[in-house]
Amino acid sequence: MPRVLTIPPSAPFLPVLARALLDGTLVEGFAPRNDPLALAGATVFLPTRRAGRLFAEALLEASGGTALLLPRIVPLGDVDEDALAFSEDAPVLAAPHAIAPVHRRLVLARLVAHWRDTLSKAVEREAVAAGTASTFALADALGSLFDDLTTAGLGVERMDGLVPDELDRYFKVGLDFVRIARRAFSAYLAEEGLVEPAARRDALVDAEARRLTALGTAAGPVIAAGSTGSMPATARLLKAIASLPHGAVVLPGLDLDLDVPSFDRLADPVLGAPDHPQYGLARLLGTLGVERREVIPLAPPAPFGRERLMGEALRQAETTDLWATLPERLPPEGLAAAMAGISVVEADDPRAEALAVALLLRDSLERPSETAALVTPERDLARRVAAEMARFGVALDDSAGTPLADAPAGRLAGLLVTAAAEGLAPVPLFALLTHPLARFGLDGQVKADAVGALELAALRGPRPATGIAGLRAALDAHDPEGYRRSDPRSRIDGTAVAAARDLVQRLEAALGPLLALGDRHGAVPLDELVAAHRAAVEATAGRLDPEAEDAAEAALARTFDTLERVAGDGPALDLSSYADAAGALFSDTMVRPRAEPHARIRILGPLEARLVHVDRMVLGGLVEGSWPTIPETDPWLSRPMRAQLGLDLPERRIGLSAHDFAQGFGARELVLSFAAKVGGTQSVPSRFVQRLKTVAGEAEWNAARARGARFVRAARSLDEAPAVPRATRPAPAPPLELRPRRLSVTEIETFLRDPYSIYARHVLGLSPLDDLDAPPGGAERGSALHEAVGRFTQAFPDELPPDALVRLIEEGARAFAPLKAFPAEHALWWARFERAAAFLVAFEHERRLHLDRIVAETKGSLDIPLAASTFRLTGRADRIEIKRDGTLAIIDYKTGTAPSAKQAASLSPQLPLEAAMARRGGFEGVPGAPVEELTYVELKGGADGGAEKPVKVKDRSTHDLAEDALAGLESLLKAFENVAQGYRSLAAPQWSGRYGDYDHLARVREWALAGEEGE
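Residues numbered from 1 in each chain as written. Predicted model: local features only at pLDDT ≥ 70, side-chain atom pairs only at ≥ 80, totals over all residues. Heavy atoms only, no water.

Caption draft 1: Here's a closer look at the overall build of the chain. For the chain, the helix and strand inventory stands at 36 helices and 24 strands. Relative to a compact globule of 1015 residues, whose C-alpha radius of gyration would be 31 Å, the chain shows 38 Å and is clearly more extended. Projected onto the principal axes, the alpha-carbon positions of the chain cover approximately 125 × 65 × 60 Å. Per-residue burial for the chain yields a buried fraction of 51% across its 1015 residues. Accessible surface for the chain amounts to roughly 44800 Å². Of this, 53% is attributable to carbon and sulfur atoms. Positive and negative side-chain charges of the chain, numbering 114 and 140 respectively, have mean locations separated by a distance of 2 Å. (Helix = DSSP H or I, 4+ residues; strand = E, 2+ residues; numbered from the N terminus. Rg over C-alpha atoms; globule rule 2.2 N^0.38 Å. Buried < 20%, exposed > 50% of the residue type's maximum accessible area, 1.4 Å probe, protein only. Areas by Shrake-Rupley, 256 points an atom, 1.4 Å probe, with all protein chains shown as cover. Lys, Arg positive; Asp, Glu negative; His and termini not counted. Charge placed at Lys NZ, Arg CZ, Asp CG, Glu CD.)

Caption draft 2: Spotlight on the packing of aromatic side chains. Under the counting rule described, the total for this entry stands at 19 aromatic pairs. An aromatic cluster of at least three residues, connected via ring pairs, comprises F751, Y756, Y759, F976 and Y983. Above the ring of F146, the side-chain terminus of R182 is found at 4.9 Å from the ring centroid. Here R292 stacks its cationic end above the ring of F263, 4.3 Å away from the centre of that ring. (Phe/Tyr/Trp six-rings, centres within 6.5 Å; stacked < 30°, edge-to-face > 60°. Lys NZ or Arg CZ within 6 Å of the ring centre and 35° of its normal.)

Caption draft 3: Structural detail: unusual backbone geometry. A cis amide bond, omega 5 degrees, links W627 with the succeeding residue P628. Inspection of the secondary structure puts P628 in the loop between β15 (616-619) and α24 (639-645). Phi is positive for L986, close to 50 degrees, though the residue is something other than glycine. Within the fold, L986 resides in the loop between α35 (958-975) and α36 (1004-1008). For L986, a relative accessible area of 16% corresponds to the buried category.

Caption draft 4: A look at the pattern of salt bridges. This model, assessed by the stated rule, comprises 58 salt bridges. The salt bridge involving R753 is made with E749; its shortest N-O contact spans 3.0 Å. Of the two residues, R753 and E749 both sit in helix α28 (residues 745-753), 4 residues apart, roughly one turn of that helix. Among the charged side chains, a salt-bridge network with shared partners connects D363, R367, E370, D615, R616, R668 and E669. (Salt bridge = Lys/Arg side-chain N within 4 Å of Asp/Glu carboxyl O.)

Caption draft 5: Geometry of the pairing of strand β3 (residues 72-75). Across 4 bridges, the pairing between strand β2 (residues 43-46) and β3 is parallel. Bridge pairing in β3 links V44 to I73. Handedness of the crossover is the feature at issue here: the chain leaves β2, passes through helix α2 (residues 49-62), returns alongside β3, and the resulting connection is right-handed. (Pairing = 2+ DSSP bridges. Right-handed = clockwise from strand over helix to strand, strands pointing away.)

Caption draft 6: Structural view of the sheet that holds strand β6 (residues 222-225). As summarised here, the arrangement of the 6 strands in space is β3-β2-β6-β7-β1-β8, forming an open sheet in which the pairing is parallel. With one partner strand each, in any of the chains shown, β3 and β8 (296-297) form the two edges of the open sheet. Set on the sheet, helix α8 (residues 232-242) makes contact with β1 (4-7), β2, β6 and β7 (247-252); between it and β7 the angle comes to about 130 degrees. (Contact = heavy atoms within 4.5 Å. Axes fitted to C-alpha atoms, helices over the stretch in contact; angles between N-to-C directions.)

Caption draft 7: Seen up close, the sheet that holds strand β11 (residues 397-398). The parallel open sheet is built from 6 strands, whose spatial order is β9-β16-β15-β10-β14-β11. Looking along the sheet, the strands with just one partner apiece sit at the ends: β9 (342-347) and β11. Here β11 runs beside strand β14 (residues 601-604); their pairing, made up of 2 bridges, is parallel. Looking at β14, one finds that D397 is bridged to R602. In this fold helix α27 (residues 698-718) packs onto β9 and β15, with an angle of close to 60 degrees to the strand it touches most, β9.

Caption draft 8: Main features of a nonpolar patch on the surface. Together, L764, L766 and L1001 give the surface a local cluster of nonpolar side chains, amounting to about 230 Å² of exposed area. Of note, L764 is situated in the loop between α29 (755-763) and α30 (778-795). (Patch = residues over 30% accessible without salt bridge, like charges linked within 9 Å, V, L, I, M, F, W, Y side chains within 5 Å.)

Caption draft 9: Inspection of α30 at higher detail. With 18 residues, α30 extends 26 Å from end C-alpha to end C-alpha; this agrees with the ideal 26 Å at 1.5 Å per step. By the burial criterion, the buried members of α30 are R781, G782, A784, L785, A788, V789, G790, F792 and T793. Buried residues in α30 make contact with α31 (804-816), α32 (823-847), β20 (851-865), β21 (870-883) and β22 (888-894). (Expected span 1.5 Å × (residues − 1).)

Caption draft 10: Geometry of the environment of R110. Counting through the fold element by element, R110 comes out in helix α3 (residues 101-118). Taking the C-alpha atoms as reference points, R110 and L416, 306 residues apart in sequence, are found 24 Å from one another. With residues up to four places along the chain from it excluded, the contact list for R110 reads G568, D569, G570 and P571.

Caption draft 11: Representation of the nonpolar core within the structure. Grouped together as the largest cluster of nonpolar side chains are 103 residues, with contacts concentrated most on L507 and W636. Looking at this core element by element, the count peaks at 11 residues for helix α20 (residues 494-519). Apart from the residues lying within four places of it in its own chain, the contact partners of L507 are L424, L429, L432, L433, F440, I468, L471 and G512. (Core = buried A, V, L, I, M, F, W, Y, C linked by side-chain atoms within 4.5 Å.)

Caption draft 12: Looking closely at the confidence of the model for the chain. For the chain, per-residue confidence averages 86 on the pLDDT scale, and 95% of positions sit at 70 or higher. Scored below 50 in pLDDT, residues 78-93 shows 50 contacts in the model against residues more than four places distant or in partner chains. (pLDDT = per-residue confidence, 0-100.)

Caption draft 13: Looking closely at the packing of helix α18 (residues 444-459) against α20. In contact at an axis separation of 8 Å, α18 and α20 are set at 100 degrees when each is read in the N-to-C sense. Judged on the interaxial angle alone, α20 and α18 are roughly perpendicular. From α18, A450, V451, A453 and L454 reach across to α20, where they touch A496, A499, A500, L503 and V504. Here the residues of the contact of α18 with α20 sort into 9 nonpolar, no polar and no charged. (Parallel < 35°, antiparallel > 145°, perpendicular 65-115°, else oblique. Nonpolar A, V, L, I, M, F, W, Y, C, P; charged D, E, K, R; others polar.)

Caption draft 14: Representation of the pairing of β9 in the model. The element β9 is largely enclosed, with a buried count of 5 among its 6 residues. Across 6 bridges, β9 lies against strand β16 (residues 669-675) in parallel orientation. Within the sheet, the bridge partner assigned to V345 lies in β16 and is S673.

Caption draft 15: Representation of helix α1 (residues 13-23) in the model. Burial analysis of α1 places 8 of its 11 residues in the buried class, which makes it a mostly covered element. Regarding α1, the residues found buried are F13, L14, V16, L17, A18, A20, L21 and L22. Those residues of α1 that are buried lie in contact with β1, β2, α2, β6 and β7. Just downstream of α1 lies G24, where phi reads positive at about 90 degrees.

Caption draft 16: Broad picture of the side chain of S985. Assignment of secondary structure puts S985 in the loop between α35 and α36. Once you skip the residues sitting within four places of it in the chain, S985 turns out to touch R729, P730, D754, Y756, A1002, V1004 and W1007.

Caption draft 17: Focus on the environment of P513. Within the secondary structure layout, P513 lies in helix α20. In the structure, P513 is positioned 498 residues away from P15 in sequence and 58 Å away in space, judged by C-alpha atoms.

Caption draft 18: View of the packing of helix α34 (residues 910-919) against α35. Packing of α34 against α35 brings their axes to within 8 Å, and their N-to-C directions diverge by 100 degrees. The orientation of α34 with respect to α35, classified from their angle, is roughly perpendicular. Counting all contacts with α34, which are made through P912, L913, A915, A916 and R919, the residues of α35 involved are H959, L961, A962, E963, A965, L966 and L969. Residue composition of the contact of α34 with α35, by class: 9 nonpolar, 1 polar and 2 charged.

Spelled out as structure tokens, the structure:
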């Protein structure tokens, strides 16, 4: 009779297994405790390599530390049973070998891409997601489907009987492709002498099962422990081991308390529940030919055991009516004992959850010899907790590691190809240049200086032209004399530009081959792309060594080795598509640091945690979508089609997650954690948590929440800082000698509305920098329009030519040419300029009837004597008209909304001040004369093209407006001659809630919250 045993979740699995093996409880007649040599004759199969290492330690501890020869410990799988592979010393089939995962992905991606491109009907092509990322995602799903078919032992001919006519037409089209792809891929594998990974795995498992069966007694004691037999081949191996004369199978956490009708229902083909934690074990017992009552428990549940509580909480939905009689099976005192060691952490968000979990783990370190682990399928939570623990100086062993694409070397590879694909656009290029591994053969400080110079001279503001030539052109055009002395760009002198040129030359040497491939029309063979990519990485960071000490560098080298070997079978891609695919090509490789982690604290995935026993277990990320994950829809086969084939439905994954959840309940102290909000939206606690809450009852659940709340409070208080006084509105008062003695007429409005900005720019010498790759905005549009209109007016100051509109459009084309690098903005603004130009020519014809001449774009200044010094007011007038009667008119063009007459007479005095300057002869080429007209001309380019906005205030002449504005300025300047007068922030802001270039320095958002903005 097959020998099948089980260990309850609340008993430490591996220590119990070790003691049972040594004492003879596990295999009858085999008790090697007193014979250290006998143990070497045994074979123990465990699910993972980690479990094997821990079992070896458990054997040493159970033996009392005496010397012994370990048994042969064989991993059934590497972390996940769905990726089963034997170790090197196990009997294996010599050939054929399994195709490498990245090799299979490339071949299937090529098939998918070719299939989509050859679909005859447009409606069918539109039903298939396009793009490189989608192609690789479909290829991965196709590979998973092939694995499922192989695991279930189904040939391609089984798909011929599927009838998807009643389903969406897409599934029929997809099914036709799956049939063709399955046959084509099988033929390809046969030609290459390879097999599917699942086929290789099953062949290895079945070969081992046959070998053990043939050996019989000679096989010696053979034990398989910890596997749920979720795959048919594994179940067959377990059956072979259980049937051996000295064989035994030890199941993890078989529920011996669930009532018989409910348990028997689980394995029923019709009534069974794939999402139940015991579903897999119930099916395995059927395969082994063993009744549940015949399974031998190796250890009793711990006094705090929660097996019965879990069995009730996770029972099949159709039997939850039995909750009405729960006290008969789980008395209140038993429920209280089971819940006593459970704490519930309800955090506000993932960051708060991670910090609370880190404090829990940190707390365990304060208790001598206590062990703890975070178990979660949510990788983001695992990374957050590891980062928070690093804050305490504790390195954690994260069993999953870090995806290569997220490791430093992998990020560098991704940044290189992204920068090349985007034509060295400023944002990805700056990210590449500032990556610590992107050395380009330069010393750290030399590189930093060169990057700083290139950033200021070429990358900030509107995007330079594409590629290396664009960067060189931007450096050639850099003129430090064209900036204010306070602007950092004015300090990029010839030496700094030379350093930037050298960096650009090194950049060209590194990325040249990749950039050249991007310039080629059409798709490029994948092997050329991979070779150029690797060359760029090595030219940037140095040669890649698969044996490097840095785990990420070694992993990247091995990944490139594999890609270069198999890229010839992948799809041809353009550079942009390859950049999209690079993340997928590097994502499968996991990087695990070689530093020795803390021995008592771990981060584990649910599968690895099945057999690991710790004193405090934290089950984290318990929200729907994470634990359990949302079952993914198969893009190739619908649910009815999978059911017809006999394949597992997506709910099977929920059952495995439920089993992992139940296994975690074996720790003496258990913590359940989840975040109320994930991704900014309200989350839904895991269905497992909600079921436990229902069964536990309100009183016990609230007590568990109270126990977890202290860690949430501790997490909140950890980052609390002492209360500090709220910032007040600043009004710095620098010495008089530092205060500006020269301002333009346009800056006077800033002086009136926000003196702090004048202080920051002219006293502190700070100039705001443009964003990286900043798209052109109103300033660039205004500059282009003013340039075009100014040139046109200067060319024809007296009379208009017959083709005035054509000539103005020509000037506009010249002025707007630099904006063609931004097609969308250029198209919009050029259409507006054409309408504005038509309005402006009509405006000119009407205005010039009464003019003597026009002076355009003229500079001016006016000295204002003060008590201690002289202040100079400067300006540049868009247009001053000299009328035939000797008076003047001042015109100012606005591409936005012009100030109202009331604003011009008070806080926006640009035109009145220009009038005061003109009356005193302050403008070049303009005689001093009375100004009789001030007009804003709005050139927004709307339906009317533009509009005149005369500055007229009731009962006040233009002369009055000008003199009042000048008197107001003199009064303002005299006020700031007082050393006690400070430059107040936002003295009279025009728009509430709109922030300026220096408001972050003035901490406006802080003091504004105190209500000062209403003053």
